[in-house]
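# Remarks on the overall topology
The residues making up each chain are set out below.
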Number of protein chains: 2
Amino acid sequence: MTKNAKIAETGKPRVIIIGGGFAGLELVKALRHADVQVVLIDKQNFHTFQPLLYQVGTAAVEADSIVYPFRKIFDEQQNFYFRLAEVQSVDTGKQLVETSIGLLRYDYLVIATGATTNFYGDEEIQKTAISIKNIPDALSLRNTILSNFEKALQIDDEEQLNSLMDYVIVGGGPTGVELAGALSELRKHVFPKDYKELDFIKMDIHLIQSGDLLLKGMSAEASQKAREYLEKFGVKIWFNRRVKAYDGYTVLLDSGEKLISRTLIWAAGVTGAPIAGIRKESLLKGNRLQVDEYNRVTGYENIFAIGDIAAMVTPGNPEGHPMLAQPALQQGHHLGKNLNYLITGKPLKPFHYHDRGTMATIGRNQAVADLKLFSKEYKTQGFLAWFIWAFIHLISIIGFRNRLFVLVNWLGSYFTYDKGIRLIVGKTKENIPVEAVTEKTVG
Amino acid sequence: MTKNAKIAETGKPRVIIIGGGFAGLELVKALRHADVQVVLIDKQNFHTFQPLLYQVGTAAVEADSIVYPFRKIFDEQQNFYFRLAEVQSVDTGKQLVETSIGLLRYDYLVIATGATTNFYGDEEIQKTAISIKNIPDALSLRNTILSNFEKALQIDDEEQLNSLMDYVIVGGGPTGVELAGALSELRKHVFPKDYKELDFIKMDIHLIQSGDLLLKGMSAEASQKAREYLEKFGVKIWFNRRVKAYDGYTVLLDSGEKLISRTLIWAAGVTGAPIAGIRKESLLKGNRLQVDEYNRVTGYENIFAIGDIAAMVTPGNPEGHPMLAQPALQQGHHLGKNLNYLITGKPLKPFHYHDRGTMATIGRNQAVADLKLFSKEYKTQGFLAWFIWAFIHLISIIGFRNRLFVLVNWLGSYFTYDKGIRLIVGKTKENIPVEAVTEKTVG
């Protein structure tokens, strides 16, 4: 018998939105004039601008600049209620969400829980690798990188030194490519100044990609240029390789090759984060919920899914929309309109995705972009792509202060070649204590 | 048998500085042209601007803006070496410092370990109270305050609600006064917007002071005005009271009165943070090391102490200098010169403290300042004091970026009455889980 969570009954239909990512946030906004009670549930009290998490992880921007408290975003929205809670399950019959603070009744339920890192069932890798899907992850990566070098100062043994100075990134998608680029910039411009006693020729950055292309899904030009940029930066790209095992020290590839690194960053894929209590029949491969063209989860009348968790499968689009920010933002916005229609008894309108293209940045002046403007495609790489990337990300960050702080960090980095947020605060990821090793190796 | 830590032998005399607070940092700077090897040891890889910790704890500025990585500060200083390590003890005979990374030989040792919170031996209070001497402390305070209100939303029981919404601050010195002021500003301008469902008339802020004056050590005018400002803000000041016991829920005063609060902030005093291995005879009351007028620890030739840990006791100054930023900065700078003299065979010069006065801020436009300029005293309270306080703190923060970010936060807060960094990231202090209580109280 779980207690009821305490929340006002406003007499309006209650829309519960689980998850305040891009999709959930846009939906809340789109419901600002709707005659409903909007309840947002999230595990954290802030929205995270995920596209820049890798920059938090590589000391380029501070965490506080890419997040924004939900309560502050919606201070003025009268129908908005926030609850900091973890969702445990849904009872679709009784229309109840079970959460860490108790049961909450809903009239309409919107699942916007996004995606989580896909370790493909490998528990050892899940335990030993670092992924960057949220702020604690990103801070852990930053702390780990910096701690590694502090520890490396005490090491003589060559293999031990490699284990601390080398990095293995798994996954040649945008996150993997951006991380590899950011790490190689740190190696070139920042770490040698900070750690004058270390020889950074010894620092290797490995990027493992299962196929023979980086940035799969982007144009051939983008893919090719990304490869060229990374190779110019000295990133070692391993095509057609998968990680077979990792124990926190030795990376075993399916080709039989071995790499030594205490830090393996897993950016090899994501999987939907569904909720217990939703019928199994609605769950497609990749753990995404099958939705119709109104983002309604198949088999339900009043349950919707938006963003990464939603797979709007149509004959022309058997995979659903890509798991990216753009479809999430557009679905959130569109569902807001549809819920308005639903409540006011008007017919719903089907969702149409407007693909505006995709981008990835590799480093200073170097990015790749496949843009779509007015149904025309533009492919560009290099400075212009980088500038567009920076501009679009900057204007997408919530809040003037955050935008300004990120801009100042970027301008600072651009002109000084420096990255400022080199702080070790909080947890580091340490699978095997280095102390145990140094005892043996240091005289 | 402890191993040796790995560090280059440069052939120059090695000065080991333990602690990178104000004193240690100034000393490193002052040694930039000295013909020595400067080794700074600190538990964290960054310097913390302690005067603004309370603003981190109250969501006014982000942690990243008041800290600065040591390696970045001294990127250009060729004789500088940093080691991230905890110091365990000193062997003054063998001239060795034992640390978490191994043994380090010194020619000159400078103890700049500062002060730590004084719980006067009460272990239960030490366990249950929050103090704010460093960044993790300050973040823990911020997380706890925000989590308290999130939890309070689920509570009906009046006493339980008080336990989450009320705050007890112990100590009427600058930190206690500044915290009380900051909390009452949050209560007035920020929390009611964030938590519309809570009634903030129920939020009490208690300030406990053992004597009958706030800001002891400042002028009577400053003390009186601080009291007036706080009372106008609705802070309940309890004079001539001490906390006798605190179990994480009930605060028992020595007068027999009881207060209910899950959050007790302990700002009741500090004590020196000495190092094992230094002769007991040099330790004065308050755990400070007795130093001569050259900051040399009594009984040693080559061991010095600066900042809060140093007590330069003279007939005219039986207590030593106050444990504040100014003496620390001046001693660090002065010792740098003296070490230069020592190495080049010149006579040392005695330290003279230039008291420039003290300040404390209570809130918006309200601060108190006792200033000394050209041997003249100026006392001012209100807007001017507040403006001077803000200006001096701003220019004292290290780094253009940090200064800019703090300024932007302050200007933002000033004009919008808002405080932006309302994020719960990381640990909260929870002595007794609220869940256990809510089970009973919520239907």
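These numbers come from a predicted model, not from an experiment. One numbering rule holds for all chains: residues counted from 1, following each sequence as written. Chains carry letters and ligands carry numbers; both start at the beginning, A for chains and 1 for ligands, and go up in the order they are written. In keeping with the model being predicted, local features are shown solely for residues with a pLDDT of at least 70 and side-chain atom pairs are shown and tallied solely at 80 or more, while totals for entire chains, interfaces and linings include all residues. Neither water nor hydrogens contribute to the side-chain values; these are computed over all heavy atoms in the structure.

## Thoughts on the overall build of chain A
- Numbering of helices and strands starts at the N terminus; helices are DSSP runs of H or I of at least 4 residues and strands are runs of E of at least 2. The secondary structure content of chain A amounts to 12 helices and 24 strands.
- Note on method: radius of gyration uses C-alpha positions; expected globular size equals 2.2 Å times residues raised to 0.38. For 443 residues, the compact-globule formula gives about 22 Å, and the C-alpha radius of gyration of chain A, at 23 Å, lands near that figure.
- Seen through its C-alpha atoms, chain A measures out along the principal axes to roughly 75 × 55 × 45 Å.
- Burial status follows relative accessibility: with a 1.4 Å probe on protein chains alone, a residue under 20% of its type maximum counts as buried, one over 50% as exposed, and anything between as partly exposed. Across the 443 residues in chain A, those meeting the buried criterion constitute 58%.
- Charged residues are defined narrowly, with Lys and Arg counted positive, Asp and Glu counted negative, and His plus the chain ends left uncounted. Here the site of a charge means atom NZ of a Lys, CZ of an Arg, CG of an Asp or CD of a Glu. Across chain A, the 51 positively charged side chains and the 48 negatively charged ones have centroids separated by 6 Å.

## Concerning the relation of the copies chain A and chain B
- Alignment of copies: least-squares fit on C-alpha atoms of residues with pLDDT of at least 70 in both copies. Aligned on chain B, chain A shows an RMSD of 0.0 Å; the corresponding rotation is 180° and the shift along the axis is 0.0 Å. When the rotation and shift are considered jointly, the pair of chain copies conforms to a two-fold rotation axis. Across chain A, the rotation axis passes nearest the C-alpha of A:Phe405, at a separation of 3.5 Å.
- By definition in these notes, contact holds between two residues if any of their heavy atoms fall within 4.5 Å. In this assembly, 100% of the residues forming the interface of chain A have copies in chain B that are likewise at the interface, indicating an isologous arrangement.

## Description of unusual backbone geometry
- Here the phi dihedral of A:Tyr120 falls at roughly 50°; this positive angle occurs in a residue that is not glycine.
- Relative to the elements of secondary structure, A:Tyr120 occurs in the loop between strand E10 (115-117) and helix H4 (123-128).
- The class for A:Tyr120 is exposed, based on a relative accessible area of 54%.
- In this model, B:Leu215 sits at a positive phi of 50°, which is unusual for a non-glycine residue.
- With respect to the element layout, B:Leu215 can be found in the loop between strand E12 (205-208) and helix H8 (220-232).
- Its relative accessible area of 1% is what places B:Leu215 among the buried residues.

## Description of the nonpolar core
- Of all hydrophobic cores here, the largest spans 97 residues; its most connected members are B:Ile17, B:Ile66, B:Phe149 and B:Phe191.
- Those residues in contact with B:Phe191 that lie beyond four places of it in its chain are B:Ile145, B:Leu146, B:Phe149, B:Leu186, B:Phe200 and B:Met203. Buried residues of nine kinds, namely Ala, Val, Leu, Ile, Met, Phe, Trp, Tyr and Cys, make up a nonpolar core once their side-chain atoms join them within 4.5 Å.

## Regarding the packing of aromatic side chains
Residue and element names in this part refer to chain A.
- Pairing of aromatic rings covers Phe, Tyr and Trp, the last through its six-membered ring, and needs centres within 6.5 Å; plane angles under 30 degrees mean stacked, over 60 mean edge-to-face, and all others mean tilted. Counted by the stated rule, this structure contains 31 aromatic pairs over all chains.
- Each ring, one from phenylalanine 70 and one from phenylalanine 82, has its centre 5.2 Å from the other, and the planes form 35°; the classification is tilted. With phenylalanine 70 in helix H3 (residues 70-73) and phenylalanine 82 in strand E5 (residues 80-84), this residue pair connects regions lying 12 residues apart in the sequence. Just as phenylalanine 70 is buried, phenylalanine 82 falls in that class too.
- The rings of Phe149, Tyr167, Phe191, Tyr195 and Phe200 are connected pair by pair, giving a single aromatic cluster.

## What about the UniProt feature "transmembrane region" (unreviewed entry) in chain A?
- UniProt positions are given in the numbering used here, feature names are shortened, and annotations may be inferred rather than shown by experiment. Here, the residues flagged by UniProt with the feature "transmembrane region" (unreviewed entry) are residues 383-400 of chain A.
- As annotated, residues 383-400 of chain A comprises 83% helix and 0% strand, and the C-alpha atoms at either end are separated by 25 Å.

## Thoughts on the environment of B:Leu141
All names here are of chain B.
- Here leucine 141 is to be found in helix H5 (residues 135-152).
- For leucine 141, a relative accessible area of 0% corresponds to the buried category.
- In the structure, leucine 141 is positioned 87 residues away from tyrosine 54 in sequence and 9.0 Å away in space, judged by C-alpha atoms.
- If near-sequence neighbours (up to four positions away) are discounted, leucine 141 is found in contact with Gly57, Ile130, Ile132, Leu179, Thr263 and Ile265.

## Topic: the UniProt feature "domain: FAD/NAD(P)-binding" (unreviewed entry) in chain A
- UniProt's feature table lists "domain: FAD/NAD(P)-binding" (unreviewed entry) at residues 14-332 of chain A, given in the numbering used throughout.
- Helix makes up 29% of residues 14-332 of chain A and strand 24%. Its end C-alpha atoms lie 17 Å apart.

## Digging into the pairing of strand E8 (residues 102-105) of chain B
Residue and element names in this part refer to chain B.
- Sheet topology places strand E7 (residues 96-99) next to E8; four bridges connect them, and they run antiparallel. Within the sheet, the bridge partner assigned to glutamate 98 lies in E8 and is leucine 103.
- The antiparallel hairpin formed by E7 and E8 contains two residues in its connecting segment. When DSSP locates at least two bridges between a pair of strands, those strands are taken to pair.

## Section: the sheet that holds strand E7 (residues 96-99) of chain A
Residue and element names in this part refer to chain A.
- Taken in spatial order, the three strands of this open sheet run E6-E7-E8, and their pairing is antiparallel. Unpaired on one side and paired on the other, strand E6 (87-91) and strand E8 (102-105) mark the two borders of the sheet. Taken pair by pair, the neighbouring strands of this sheet meet at an average axis angle of 25°, ignoring direction.
- Both E6 and E7 contribute to a ladder of four bridges, which runs antiparallel. Bridging across to E7, serine 89 finds its partner in glutamate 98. Lines are fitted to the C-alpha atoms to define the axes, a helix being fitted only along its stretch in contact, and any angle between axes, read from their N-to-C directions, falls within 0 to 180 degrees.

## What about the domain arrangement of chain A?
All names here are of chain A.
- Segmentation into domains, and thus their bounds, comes from an automatic or database assignment. Parsing chain A into structural domains produces domain 1 (14-43 + 85-117 + 270-343) and domain 2 (123-268 + 358-441).
- Relative to domain 2, the C-alpha centre of domain 1 lies at a distance of 32 Å.
- In this assembly, six residues from domain 1 lie in contact with five residues from domain 2.
- Computed with a 1.4 Å rolling probe, the buried area is the accessible surface lost when two parts are put together, summed over both parts. At the boundary of domain 1 with domain 2, total buried surface from both sides reaches about 440 Å², with 70% on carbon and sulfur atoms.
- Three residues, Thr117, Val270 and Leu324, lead the burial of domain 1 against domain 2; their summed loss comes to 67% of the area buried on that side.
- We count a salt bridge whenever a side-chain nitrogen from Lys or Arg sits within 4 Å of a carboxyl oxygen from Asp or Glu. Along the contact surface separating domain 1 from domain 2 lie zero salt bridges.
- Counting of polar contacts relies on pairs of N or O atoms within 3.5 Å, with two restrictions inside protein: one atom must be capable of donating a hydrogen and the other of accepting it, and residues adjacent in sequence are counted only when both atoms are side-chain atoms. At the junction of domain 1 with domain 2, the criterion picks out one residue pair in polar contact (both at pLDDT 80 or more).
- Take the side of domain 1 that touches domain 2: its biggest share by element is three residues, from E10.

## Considerations on the packing of helix H1 (residues 22-30) of chain B against helix H9 (residues 325-343) of chain B
Residues and elements named next belong to chain B.
- For the pair H1 and H9, the least separation of the axes is 7 Å and the interaxial angle reads 30°. One finds that H1 runs roughly parallel with respect to H9. Between H1 and H9 lies a crossing of right-handed hand. On H9, the residues touching Phe22, Ala23, Glu26, Leu27 and Ala30 of H1 are Ala325, Ala328, Leu329, Gly332, His333, Leu335, Gly336, Leu339 and Asn340.
- Under the convention adopted here, Pro, Cys and the residues Ala, Val, Leu, Ile, Met, Phe, Trp and Tyr are nonpolar, Asp, Glu, Lys and Arg are charged, and Gly plus all remaining residues are polar. A class-by-class count of the residues in the contact of H1 with H9 yields nine nonpolar, four polar and one charged. Angles below 35 degrees are treated as roughly parallel, those above 145 as roughly antiparallel, those between 65 and 115 as roughly perpendicular, and all remaining angles as oblique. Put simply, a crossing is left-handed when the front helix is turned counterclockwise from the back one by less than a right angle, and right-handed when it is turned clockwise.

## Points about the interface of chain A and chain B
- Listed per partner, the contact involves 52 residues of chain A and 52 residues of chain B.
- Carbon and sulfur atoms supply 51% of the area that chain A and chain B bury against each other, a total of about 4600 Å² over both sides.
- Per-residue buried area on chain A facing chain B is highest for A:Lys6, A:Arg71 and A:Gln154; these three make up 14% of the total on that side.
- If you look at where chain A meets chain B, you find 12 salt bridges.
- Between B:Asp64 and A:Arg142 there is a salt bridge, and its shortest N-O distance comes to 3.9 Å.
- For the pair chain A and chain B, the interface holds 22 residue pairs in polar contact (both at pLDDT 80 or more).
- The class makeup of the residues in the side of chain A that touches chain B is 26 nonpolar, seven polar and 19 charged.

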